[in-house]
Amino acid sequence: MIARISFALLLLLFAMPVAARDDSRAIELPSGTLLQSLPLLGRQAGISISVADAKLWQKPVKPVRGRMSAKRALARMLAGTDAHAVRVGATSWRIERRPRGTTIASRQKQAPPKARQVNADPPQEPATASPVEEIVVTASKVNTPYVKYAGVVTILDGTDLSFGGERGMDSILSRMATISSTHLGSGRNKLFIRGIADSSFTGPTQATVGQYLGDIRLSYNAPDPDLRLYDIDRVEILEGPQGTLYGAGSLGGIIRMIPNAPDPTAPELVASAGVSLVQHGAPGSDLSATANLPLGDSGHALRLVGYSISDGGYIDNPLLGQRDVNRTDIRGGRGTLRLNLGDGWTFDTGGIHQTITAEDAQYADKGAPPLTRSSLVEQGAKARYGSAMIVVTKEWGDLHLQSSHAYVDHHLFERFDASLAHDIPRLFDQKNETRMWTSETRLSRPYQDGLGWVVGTSFVDNKTRQTRAFGGEIFRSSIAGVSNWITEYTAYGEASAELLPAVVATGGVRYTHALLGGGGEDVDALLALTQSSRAITARRKEENFSPSASILVTLDRNATFYARYQEGFRPGGLSIDGSFVQRFRNDHVSTYDAGLRFGRKGITPFDATISISHSRWRDIQADYIDANGFPTTANIGDGKITSISGSVALRPVRGLSLELGAVYNESRVTRLSPALRLAAVTFGGPAFDMSPPVIIPALERLGRIPNVASHAVRGSANYSTVIGDEDFRIQGWANYVGPSRLGIGPILGEGQGDYVDTGLAARIGNQTRGLTLTLTNLLDSRGNRFALGTPFVPGSDGYLTPLRPRTIRVAIDLAY
């Protein structure tokens, strides 16, 4: 009944008249070049615009002021030029050079009277080359055009990511075959790119994927904070090690989320509300709002984002008589104040806050009725993330100076069921508290006229404290924990130069000087006396050089080849093994990759990419189960990863696009460390159900790097058109995730993956309001996304993490 009433209210609200039904917007564009004016117009008119000929970017365009439609604003801006705008979708336009044979009279007819004067510039000849879309890779730190970037980069549009409902990192995972994740729960997961995966637990190791909001680093050795992607302009994913530009913790690549900047030209308010029904589960809801507020006439502006999400649970616990126990609530916001200081200086300051509260775990028992788990205790989790940032920029002609500074405070609490069979309830609690100061200052020459370069310095100070407790529901005693701190000082530089008209070479290096330390937390006094002080508290220094080199060759108008070498590393640290503190070393990845690109995204009716990479991973930092059944971290050995990925996009007719992506990973631990061999001997017998002479060869056979699916495939179809005065868009997708293993060795060698996820979303409306219907998990599949429920179970073979059951969501969005 509640769902029906909510749905009726949504329809009633959608049917109410809206004063701003027309698609006109307040437009304020100064005179300048197309490169300067298009980003402003895109934000003000709420449209996306591509440019078909790169030579048009420097074309002078006219100022535009007033309230008008996007079509009229484009026509006024381009009046008197040899370019015109072509509508390619409901909210998408493309700037093209006018075809040969367009008469001067026809151009003058579209221009206002003043445009009939003779242009001071000489007439432009029509382009002889195929059109090239000027997609810019800002994560390169020199704004390298996509067609000149040597490497695998994926750019996801922010509007597309939020289409059908905002799902945080899941929105990115559903669109990328090469990114994978653990699935302990929102705010607790670890991300992996291109097969560089370490472990399943939240431990002291640094992440293998660097995550950034704009130019601000989100975390160091904490799990993915799973920030909601509301009001995001786009997301850029760079695959492969990025040690030269981004330093430690980017072994697999980086994910850079770019928020919409405050706009000083026009106020804006956007809001959305949705309700969802989960088959076999409880209902949910979501609410969000974004406000842009210009402050005076001096170019200052404030942008605010707020949201509240409640995802209904779907796991039952019959042992406690509870249903739908795993409800998750997410609340957060983001704010940015931009001050225009004049003379090319800009000052941004702002912050982020988000809390995630999971009432219980989302895993189920194998062999039990679907979506059920019999646990003696509730296994809740809570994540709190906050940050404050300052970014100062300065433009000096062709040079760009940027200085970014941030403070991050990240807390995570997790509870696991540690009860033995037919025993009293037992709990294992773990808290991770992280605080980080990060700073980077760089000077760059954005890539143009065949040259681009960047030099910079950075500073990171990160401290993480992990505490643990074990016992009953009423009383729990502290057990050994660990704290780690690191201070990094780095300097880096990278340059790209066009050696020949069709050849671009890039090279760079990063030097890192790190001071590391840490110590035991809640270590038993007697053990502390027997264990050396060096093992309980350790301080040391590490240095690292991360070189990079690449070459890109344009084979013809629609084909490009590139080859690349890059390195990445993570510093070492301390972990707990039983009641003792132990040290683990830094690990290092070196990667060779090469690829081909065909066609031009969004321009040609067909485009495709294919890449192959081979990585050598030395002294892999990963987790395993210690002799007491607790997760611990150590260097498990060396490994090799070979990855082949590709994507194809087709645009057979206007408004319709079809995409297909796939990846194949072959990963192997090639050398087991002495520590893991010792663990095999320690566990030989009851735990592994085999003797030590048998277990070590078995470990080597089962030594696939954990959480890496051997293959994955993703396909989608998107269609948009105009129905009367309304824009209509529908999108469908299907993802197949192949088999993988939870960890290293028989105890954590449990299989997972091998499932299909599907979805469908549709929206009808215009720029001021819309109605959206979304269906996820169309087949109502169960699957096994993650084989870890709690580490405290013999053999760890009793659990699976199912997909969220079939869910329907109805939502409205309004914009003023």
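Quick caveat, the model's predicted, so the values are computed rather than measured. (Residues numbered from 1 in each chain as written. Predicted model: local features only at pLDDT ≥ 70, side-chain atom pairs only at ≥ 80, totals over all residues. Heavy atoms only, no water.)

Trainee: With reference to specific residues and values, describe the overall build of the protein chain.
Mentor: Across its full length, the protein chain carries 11 helices and 42 strands. For the protein chain, the proportion of its 816 residues judged to be buried stands at 56%. If you take every contact in the protein chain between residues at least 6 apart in sequence, the share linking residues at least 24 apart comes to 67%. On the protein chain, roughly 33,500 Å² of surface is accessible, and the fraction owed to carbon and sulfur atoms is 59%. (Helix = DSSP H or I, 4+ residues; strand = E, 2+ residues; numbered from the N terminus. Buried < 20%, exposed > 50% of the residue type's maximum accessible area, 1.4 Å probe, protein only. Contact = heavy atoms within 4.5 Å. Areas by Shrake-Rupley, 256 points an atom, 1.4 Å probe, with all protein chains shown as cover.)

Trainee: Describe the nonpolar core, listing the residues and the values that go with them.
Mentor: Note that soluble globular proteins tend to have their nonpolar side chains buried in a common cluster. The biggest cluster of nonpolar side chains holds 30 residues, and the ones touching the most others in it are Leu156, Ile172, Ile179, Val235, Ile237, Ile255 and Met257. Counting only elements with at least two residues in this core, the list comes to helix H6 (169–173), strand E12 (191–193), strand E13 (209–213), strand E15 (232–239), strand E16 (253–259) and strand E28 (503–521). Residues within four places of Ile255 in sequence aside, it is in contact with Met169, Ile172, Ile179, Leu191, Ile193, Val209, Gly210, Gln211, Tyr212, Val235, Glu236 and Ile237. (Core = buried A, V, L, I, M, F, W, Y, C linked by side-chain atoms within 4.5 Å.)

Trainee: So what's going on with the environment of Arg564? Residues and values would help.
Mentor: Residue placement: Arg564 occurs in strand E30 (residues 559–570). Contacts of Arg564, omitting those with residues within four sequence positions, involve Ala150, Gly151, Glu239, Gly240, Pro241, Gln242, Ala549, Ser550, Thr591, Tyr592 and Asp593. Within polar-contact distance, the side chain of Arg564 engages the backbone oxygen of Pro241 at 2.8 Å. Within the structure, the side chain of Arg564 is placed 3.5 Å from the side chain of Gln242, a separation counted as a polar contact. (Polar contact = N/O pair within 3.5 Å; in protein donor to acceptor, adjacent residues only side chain to side chain.)

Trainee: Tell me about helix H3 (residues 70–78), residues and numbers included.
Mentor: Listed as buried for H3 are Ala70, Ala73, Leu74, Met77 and Leu78. Across the axial projection of H3, the buried residues extend over an arc of 120 degrees, all falling on one side. (Arc of directions from axis to C-beta.)

Trainee: Could you give an account of the pairing of E15, with specific residues and numbers?
Mentor: Among the 8 residues of E15, 7 are classified as buried, and the element is accordingly described as predominantly covered. In terms of strand pairing, strand E10 (residues 153–157) meets E15 through 5 bridges, oriented antiparallel. Residue pairing across strands places Asp157 opposite Arg234, the latter belonging to E15. Strand direction decides the pairing type here: E15 and E16, joined by 7 bridges, are antiparallel. Its bridge partner being in E16, Glu239 is matched across the sheet by Gly253. (Pairing = 2+ DSSP bridges.)

Trainee: Tell me what's going on with the confidence of the model for the protein chain, and back it up with residues and numbers.
Mentor: Considering every residue of the protein chain, the mean pLDDT works out to 83; 83% of them sit at 70 or more. Note that pLDDT drops below 50 for residues 1–22; the model gives that stretch 25 contacts with residues more than four away or on any other chain. A low-confidence stretch, residues 681–702 stays under pLDDT 50, and its non-local contacts, those more than four residues away or across chains, total 36 contacts. (pLDDT = per-residue confidence, 0-100.)

Trainee: For the sheet that holds E10, give the residues involved together with the corresponding values.
Mentor: The pairing of strands in a sheet happens through backbone hydrogen bonds and is either parallel or antiparallel. Pairing in this open sheet of 5 strands is mixed, and the strands run E10-E15-E16-E13-E14 from one edge to the other. This sheet does not close on itself; its edge strands, each paired only once, are E10 and strand E14 (216–217). With 5 bridges joining them, E13 and E16 adopt parallel strand pairing. Opposite Gln211, over in E16, you have Ile255 as the bridge partner.

Trainee: For a nonpolar patch on the surface, give the residues involved together with the corresponding values.
Mentor: A contiguous nonpolar patch, built from Phe598, Phe606, Ile610, Ile612, Ile644, Val648, Leu650, Leu658, Leu660, Tyr664 and Val713 and spanning about 880 Å² of accessible area, is present on the exposed surface. Of all the secondary structure elements, the ones that give two or more residues to the nonpolar patch are strand E34 (606–625), strand E35 (631–650) and strand E36 (656–672). (Patch = residues over 30% accessible without salt bridge, like charges linked within 9 Å, V, L, I, M, F, W, Y side chains within 5 Å. Salt bridge = Lys/Arg side-chain N within 4 Å of Asp/Glu carboxyl O.)

Trainee: Give a description of the pattern of salt bridges that names residues and reports values.
Mentor: Scanning all chains against the criterion turns up 39 salt bridges. With a closest N to O distance of 2.6 Å, Arg651 and Asp607 form a salt bridge. Residue Arg651 is found in the loop between E35 and E36, and its partner Asp607 is found in strand E34; the two are separated by 44 residues along the sequence. Exposure remark for Arg651: the relative accessible area of 22% places this residue in the partly exposed category. Because the salt bridges share partners, they merge into one network encompassing Lys141, Asp215, Arg256, Glu440 and Arg442.

Trainee: Please provide a residue-by-residue account of the pairing of strand E37 (residues 711–723), values included.
Mentor: Pairing analysis gives 9 bridges linking E36 to E37, with the strands arranged antiparallel. Across the sheet, Ala662 pairs through a bridge with Val713, a residue of E37. Between E37 and strand E38 (residues 726–741), which follow one another and run antiparallel, lie 2 residues, and Gly724 among them has a positive phi close to 65 degrees.

Trainee: Pulling in residues and values, what's your account of the side chain of Asp348?
Mentor: Looking at the element boundaries, Asp348 is found in strand E21 (residues 345–358). Judged by relative accessible area, which is 10%, Asp348 ranks as buried. Polar contacts involving the side chain of Asp348 include one to the side chain of Arg338, which spans 2.8 Å. In this structure, Asp348 is in contact with Thr336, Leu337, Arg338, Leu339, Met389, Ile390 and Val391, ignoring residues within four places of it in sequence.

Trainee: For the environment of Ala762, give the residues involved together with the corresponding values.
Mentor: Mapped onto the fold, Ala762 is located in strand E39 (residues 751–765). For Ala762, a relative accessible area of 17% puts it in the buried group. Sequence separation between Ala762 and Ile730 is 32 residues, and the spatial gap between their C-alpha atoms is 4.2 Å. Residues in contact with Ala762, not counting those within four places in the same chain, are Phe163, Phe728, Arg729, Ile730, Leu771, Thr772 and Leu773.

Trainee: So what's going on with helix H2 (residues 34–45)? Which residues, and what values?
Mentor: For H2, which comprises 12 residues, the first-to-last C-alpha distance of 16 Å matches the rise-based estimate of 16 Å (1.5 Å per residue) to within 8%. Residues of H2 that are buried: Leu34, Ser37, Leu38, Leu41, Gly42, Gln44 and Ala45. Once H2 ends, the next one or two residues include Gly46, with phi positive near 70 degrees. (Expected span 1.5 Å × (residues − 1).)

Trainee: A description of the packing of aromatic side chains should follow, citing residues and the corresponding values.
Mentor: One pass over the structure, following the stated rule, counts 9 aromatic pairs. Ring plane angle 80 degrees and centroid distance 6.1 Å describe the contact between Trp345 and Trp396, whose orientation is recorded as edge-to-face. Highlighted residues: Trp345 in strand E21 and Trp396 in strand E23 (residues 381–396), separated in sequence by 51 residues. For Trp396, a relative accessible area of 42% gives the class partly exposed. (Phe/Tyr/Trp six-rings, centres within 6.5 Å; stacked < 30°, edge-to-face > 60°.)

Trainee: Outline the sheet that holds strand E7 (residues 92–97), listing residues and values.
Mentor: Spatially, the 3 strands line up as an open sheet ordered E3-E7-E6, and their pairing is mixed. In the strand order of this sheet, the two ends are held by strand E3 (48–51) and strand E6 (83–87), each with one partner. Across this sheet, the average inter-strand angle for adjacent strands is 25 degrees, counted without regard to direction. Bridging between E6 and E7 involves 5 bridges; their strand directions are antiparallel. Following the sheet pairing, Val86 is matched in E7 by Arg94. Of the strands in this sheet, E3 and E7 touch H2, which is tilted by about 160 degrees from E3. Contacting E3, E6 and E7, H3 runs over the sheet at an angle of about 20 degrees to E7. (Axes fitted to C-alpha atoms, helices over the stretch in contact; angles between N-to-C directions.)

Trainee: Explain the environment of Thr434 to me, using residue names and the numbers behind them.
Mentor: Note on placement: Thr434 falls in strand E25 (residues 427–448). Distance from Thr434 to Tyr220, taken between C-alpha atoms, is 8.6 Å for residues 214 residues apart in sequence. For Thr434, the contacting residues outside a window of four places in its chain are Asn221, Ala222, Val408, Asp409, His410, Asn462, Lys463 and Thr464. At a separation of 3.3 Å, a polar atom in the side chain of Thr434 contacts the side chain of Thr464.

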